[in-house]
Amino acid sequence: MHYGNGRTTRCRDVLPSEFKYCSDLNTTLFVKRMLEAEKPDFIAFTGDNIFGSSAADAAESMFKAFGPAMESGLPWGAVLGNHDQESTMTCEELMSFISLMDYSVSQTNPYAEDSSCNTTEGCQLAIIDGFGNYNIKIYGVLCSISSFLTVGIGATVDGVRTYGWIKESQLHWLREVSERLQDQRPHNDHSEINASPSLAFFHIPIPEMRQFYFQKSIGQFQEAIACSLVNSGVLRTFVSMGDVKAVFVGHDHTNDFCGNLDGIWFCYGGGFGYHGYGRIEWPRRARIISIQLVKGKNAWMGVERIKTWKRLDDDKLSMIDAQTLWNLKPFS
């Protein structure tokens, strides 16, 4: 969202006729329009929630940025981007603050798995890089899972400054989460229905996404993939886990495409916030994810299909680029 100070923070890359009256409040209005139109069950924010250098007080800016989510009463989760910590709070302080906001299910970091630890009181946090690594189990669909990861802010590699990357400690934690979930899955004649597809959310794209320069994708590819110089094996880890079906990233505002790498979809949302850069006469946009369930004889069962589309912040909240990301039964 790149939220700044609210009414006094001007928009970027809008028409001259729009500039005078355009501010962070346009971002707030877009969030509210989206919530009213889609009536979602969960809201995910993929980083750069505030634009630190434009936010005089990080806490105040976050209250404004996440205000519509809190007012909606819906559960929501967020990770950090590379600009959130540029204001008055560190990454750890930001994630701790976000985790305490109304209806937020965000976590500073996961708790270490310990059979003697039945509550969060006295439990130890897992030893893991970064702040904002956590998983959310979605019950009622035989425990689908969404994993949120914070990518490092940045580092210098061989004398070259580069964006951060997902570290081995984070990947190790993800593998453990996946293994535990699969161990808990019922094993019976309908095990394919009981499969638990997972989604992942983080801010900075992985290096393999540069392959979409040469591969087919759905949506618009309008700027270079700004990723780390370090390839830490995220794609390889996701493929070996087998349950991650789609990944959602931010960072590159004028990319809004989905492309497939080794059977996993990697999707941008497109630029949402009006204080973030964009393109004149290219509407701000948001991505919607729909998880559809198998209808059993007496109850809803496992996940049958995962679909996605985008809505534009135009007069009609136009829907574009609808596609299916995963089917329980391929080609159904």
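Computed from a predicted structure; not experimentally measured. (Residues numbered from 1 in each chain as written. Predicted model: local features only at pLDDT ≥ 70, side-chain atom pairs only at ≥ 80, totals over all residues. Heavy atoms only, no water.)

Let's shift gears to the nonpolar core. Core analysis: the largest hydrophobic core is formed by 50 residues, its most contacted members being Phe45, Met62, Phe66, Trp76, Ile98 and Leu325. Apart from residues lying up to four places away in sequence, isoleucine 98 is in contact with Met62, Phe66, Trp76, Ala78, Leu80, Ser104 and Ser106. If you look at the next biggest cluster of nonpolar residues, it comprises 28 residues, including Leu149, Met209, Val247 and Phe266. (Core = buried A, V, L, I, M, F, W, Y, C linked by side-chain atoms within 4.5 Å. Buried < 20%, exposed > 50% of the residue type's maximum accessible area, 1.4 Å probe, protein only. Contact = heavy atoms within 4.5 Å.)

Looking now at the side chain of aspartate 256. Along the chain, aspartate 256 turns up in the loop between β8 (244-249) and β9 (258-261). From its side chain, aspartate 256 meets the backbone nitrogen of glutamine 220 in a polar contact 2.6 Å long. Residues in contact with aspartate 256, not counting those within four places in the same chain, are Ile218, Gly219, Gln220, Tyr268, Gly269, Gly270, Trp282, Arg285, Arg287, Lys310, Ile320 and Asp321. (Helix = DSSP H or I, 4+ residues; strand = E, 2+ residues; numbered from the N terminus. Polar contact = N/O pair within 3.5 Å; in protein donor to acceptor, adjacent residues only side chain to side chain.)

By the definition in use, this model includes 14 aromatic pairs. Both rings, one in phenylalanine 257 and one in tyrosine 268, keep their centres 5.1 Å apart while their planes meet at 70 degrees; by these two values the pair is edge-to-face. Pair noted here: phenylalanine 257 is in the loop between β8 and β9 and tyrosine 268 is in strand β10 (residues 264-268), with a separation of 11 residues, a long-range link. Judged on exposure class, the residue phenylalanine 257 and its partner tyrosine 268 are both buried. Taken together, the ring pairs connect Phe212, Tyr213, Phe214, Phe221, Phe257 and Tyr268 into an aromatic cluster. The ring of tryptophan 165 carries lysine 167 above its face, with NZ or CZ at 4.5 Å from the centroid. (Phe/Tyr/Trp six-rings, centres within 6.5 Å; stacked < 30°, edge-to-face > 60°. Lys NZ or Arg CZ within 6 Å of the ring centre and 35° of its normal.)

Those residues of helix α5 (residues 91-99) lying buried are Cys91, Leu94, Met95 and Ile98. Mapping the buried residues of α5 onto a view down its axis gives an arc of 90 degrees, with all of them on the same face. Elements that come into contact with the buried residues of α5 comprise α3 (58-65), β2 (76-78) and β3 (134-138). (Arc of directions from axis to C-beta.)

Locating lysine 216 in the fold gives a position in the loop between β7 (198-201) and α8 (234-241). Sequence separation between lysine 216 and cysteine 258 is 42 residues; the distance between their C-alpha atoms is 9.1 Å.

Every second residue of β7 is oriented toward a common face, with Ser198 and Ala200 on one face and Leu199 and Phe201 on the other, all of them buried. Taken together, the 4 bridges between β7 and β8 define a ladder with parallel strand orientation. Paired with phenylalanine 201 across the bridge in β8 is phenylalanine 248. Regarding the hand of the β-α-β motif, the stretch spanning β7, α8 and β8 is right-handed. (Pairing = 2+ DSSP bridges. Right-handed = clockwise from strand over helix to strand, strands pointing away.)

Residue pairs spaced three or four apart in an α-helix point in one direction, given the helix's 3.6 residues per turn. Among the residues of α8, Val234, Leu235, Thr237, Phe238 and Met241 are the ones counted as buried. Down the axis of α8, the buried set is contained in an arc of 160 degrees. They therefore lie on one face. Away from the buried face of α8 by more than 90 degrees, exposed residues Arg236 and Ser240 are located. Taken from the residues just after α8, glycine 242 is the one with a positive phi, measuring 85 degrees.

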